[in-house]
Amino acid sequence: MTLPPAVARARIERLLDPTPLPEREWVFVPSLYELATHATPAEKVTLFLRATTPRHDDALRFFEPLDDALVAALTERAPRITGERLADLHQVIMALVIVAASGRAGREVPARWEPFLARDLGLYDRVDFALTREALRALDPARRRALVLDSLKRAEVLALHVLDTLDGDEEVWRAALAVAAGVDREHEHRPTTAQGLARGGAAMVPALLGVLSQPKPGVALEVAALDALALIGAPSAAEALVAATGRSSAAVAAAATRALAALGEAARPAVTAGARAKKKAVRASCEWLLQLLDAPEAEALRRARDAHAALDEASRARLAAALGRDHMALVATLKELGVAGIVEVIDRATREMAHGRVPGVEAFEGDPALPWALAWVLATRPLGAQPFGCVGYALRATGDGAKAPVALLWERPEAIRAYGVPWELRPS
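Residues numbered from 1 in each chain as written. Predicted model: local features only at pLDDT ≥ 70, side-chain atom pairs only at ≥ 80, totals over all residues. Heavy atoms only, no water.

1. Description of the overall build of the chain
Broken down by element type, the chain carries 24 helices and zero strands. In terms of overall size, the chain behaves like a compact globule, its C-alpha atoms giving a radius of gyration of 23 Å where 428 residues would be expected to give roughly 22 Å. If one aligns the C-alpha atoms of the chain with their principal axes, the spans along those axes are about 70 × 50 × 35 Å. Of the roughly 19300 Å² of accessible surface on the chain, a fraction of 55% belongs to carbon and sulfur atoms. (Helix = DSSP H or I, 4+ residues; strand = E, 2+ residues; numbered from the N terminus. Rg over C-alpha atoms; globule rule 2.2 N^0.38 Å. Areas by Shrake-Rupley, 256 points an atom, 1.4 Å probe, with all protein chains shown as cover.)

Here is the structure:
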């Protein structure tokens, strides 16, 4: 339902009033979306400055269209860096919008805005980067590379999440891996380094494989590299992944097995060879992986895998648009797409699972395919602690439907059981 203009104007006028709002009434950028078309560019900026802890991508949606009138209004407010993180958040986002608008218009980005882009990569941990990437892409490639590389050298983890804005090279990859090596992989509130490393795409695969060839890369870096390979899905890594299933570290062996499971059929030749390996741990992992590929009891798991792989880009985009913004539309879309959609939601919903549940999972109540889709996620996705727990909770909630997929997961080698299956699901 469209907000009536008179109601929208009344809300805008109240929010523009400097009088404090009623106690405990917070203003969040998503709550301003429906007011955006009724506000002038200058009013938009004022409303944004009154919002609490805005997210970059929410701000981008609110400020659209990024036209010259908006740029003028933002520039008039003279964004400045204060050095205080909370205060800088609004200022940096305003500057990013100005830079993104310049990029869309094909204008040169003045050097005055580059410190804001650099500051952005040192701010709060987050998972939304569309505005940051658009602003970075407004710079010429040399300026962009220098800015991101400097951020990596300062060990700023968020810089990993904009690797896809660069034509990466060895110096960039070395700096990125150095950042990953210093991140505590158990820190549940930090965006995963693997997701960042995976932004490098196929071009980064040789550097990731180089980590696996090092004598003692360290568990944190090796797991991050393996998880990044799982997200990239590089068949060329299959043989190295098979070898890594024999590592003494349970976490490393688990990550290697997940990455092979994620490759699916593309890993078959390497996994088949691994099932004949001399090392017992490698054989055990590969034998279990062959079960996923061939065993009749894993047929439902393969159906979930194939259904997700077959999702077209339009369907993925619809889910992304509804996620975190329109729960009813999300549920309706999931009912239409089936459990392939819930896998896609989990892949995208790191932030939205912060409240302890998988968004939209209620669309599949009683669906026998749901526990298999959730098991596929547990077997293949390098999830952080919070999202992993949410998926485990959703699987437990399917009751008896969870028994068969859990039994399949539980046949994994000890390395996988130690890291990959929530203890609540393990058979007694």
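Still more ground to cover, so stick around.
2. Some points on the layout of surface pockets
Taken as a whole, the second largest pocket holds about 340 Å³ of empty space. In terms of lining, the second largest pocket is formed by 17 residues, of which the most central are Glu-365, Leu-370, Ala-394, Ala-397 and Thr-398. Of all the elements in the fold, those that place two or more residues in the lining of the second largest pocket are helix H21 (370-380) and helix H22 (385-396). Ranked by residue count, the leading element in the lining of the second largest pocket is H22, at three residues. Of the residues belonging to the lining of the second largest pocket, the class tally is ten nonpolar, three polar and four charged. (1 Å grid on protein atoms, 1.4 Å probe; cavity = no way out; pocket = protein on both sides within 12 Å on 5 of 7 lines; lining within 4 Å. Points joined across faces, edges and corners; volume = space filled by probe spheres on them. Nonpolar A, V, L, I, M, F, W, Y, C, P; charged D, E, K, R; others polar.)

3. Some points on empty space enclosed by the protein
Counting across every chain of the model gives one cavity of 30 Å³ or more. Roughly 70 Å³ of volume is contained in the largest cavity. Leu-260, Ala-261, Gly-264, Ala-267, Val-271, Leu-289, Leu-292, Leu-293, Arg-305 and Trp-376 together form the lining of the largest cavity. Of all the secondary-structure elements, those providing two or more residues to the lining of the largest cavity are helix H14 (250-263) and helix H16 (280-294). Among the elements that make up the lining of the largest cavity, the one with the highest residue count is H16 (three residues). Residues belonging to the lining of the largest cavity are distributed by class as follows: eight nonpolar, one polar and one charged.

4. Some details on the pattern of salt bridges
In total, this model carries 33 salt bridges according to the counting rule given. Residue Asp-169 is joined to Arg-145 by a salt bridge in which the shortest nitrogen-to-oxygen separation is 2.7 Å. Here Arg-145 lies in helix H8 (residues 141-153) and Asp-169 lies in the loop between H8 and helix H9 (170-181), a separation of 24 residues in the sequence. Classification of Asp-169 as partly exposed rests on a relative accessible area of 25%. Note that Lys-153 and Glu-171 form a salt bridge whose closest N and O atoms lie 3.2 Å from each other. Within this pair, whereas Lys-153 is found in helix H8, its partner Glu-171 is found in helix H9, the two being separated by 18 residues in sequence. Lys-153 sits in the exposed class, given a relative accessible area of 54%. The class for Glu-171 is partly exposed, based on a relative accessible area of 32%. Salt bridges here are not isolated pairs; linked through shared partners, they connect Arg-55, Asp-58, Asp-120, Arg-126 and Asp-128. (Salt bridge = Lys/Arg side-chain N within 4 Å of Asp/Glu carboxyl O. Buried < 20%, exposed > 50% of the residue type's maximum accessible area, 1.4 Å probe, protein only.)

5. Topic: the environment of Pro-141
With respect to the helices, strands and loops of the structure, Pro-141 is situated in helix H8. Pro-141 gets classed as exposed once you look at its relative accessible area, which sits at 53%.

6. Overview of the packing of helix H11 (residues 205-213) against helix H12 (residues 219-232)
The N-to-C vectors of H11 and H12 enclose an angle of 145 degrees; their axes lie 9 Å apart at closest approach. As H11 runs across H12, the sense of the crossing is left-handed. Counting all contacts with H11, which are made through Val-205, Leu-208, Leu-209, Val-211 and Leu-212, the residues of H12 involved are Leu-221, Glu-222, Ala-225, Leu-226, Ala-228, Leu-229 and Ile-232. Along the lines of polarity and charge, the residues of the contact of H11 with H12 split into eleven nonpolar, no polar and one charged. (Axes fitted to C-alpha atoms, helices over the stretch in contact; angles between N-to-C directions. Left-handed = near helix turned anticlockwise from the far one by under 90°. Contact = heavy atoms within 4.5 Å.)

7. Some remarks on helix H17 (residues 299-309)
Every α-helix winds through 3.6 residues per turn, so residues three or four apart in the chain are directed the same way. Looking at H17, one finds that the buried residues are Ala-300, Leu-301, Arg-302, Ala-304, Arg-305 and His-308. Against the buried residues of H17 lie H16, helix H18 (313-322), helix H20 (339-348), H21 and helix H23 (403-410).

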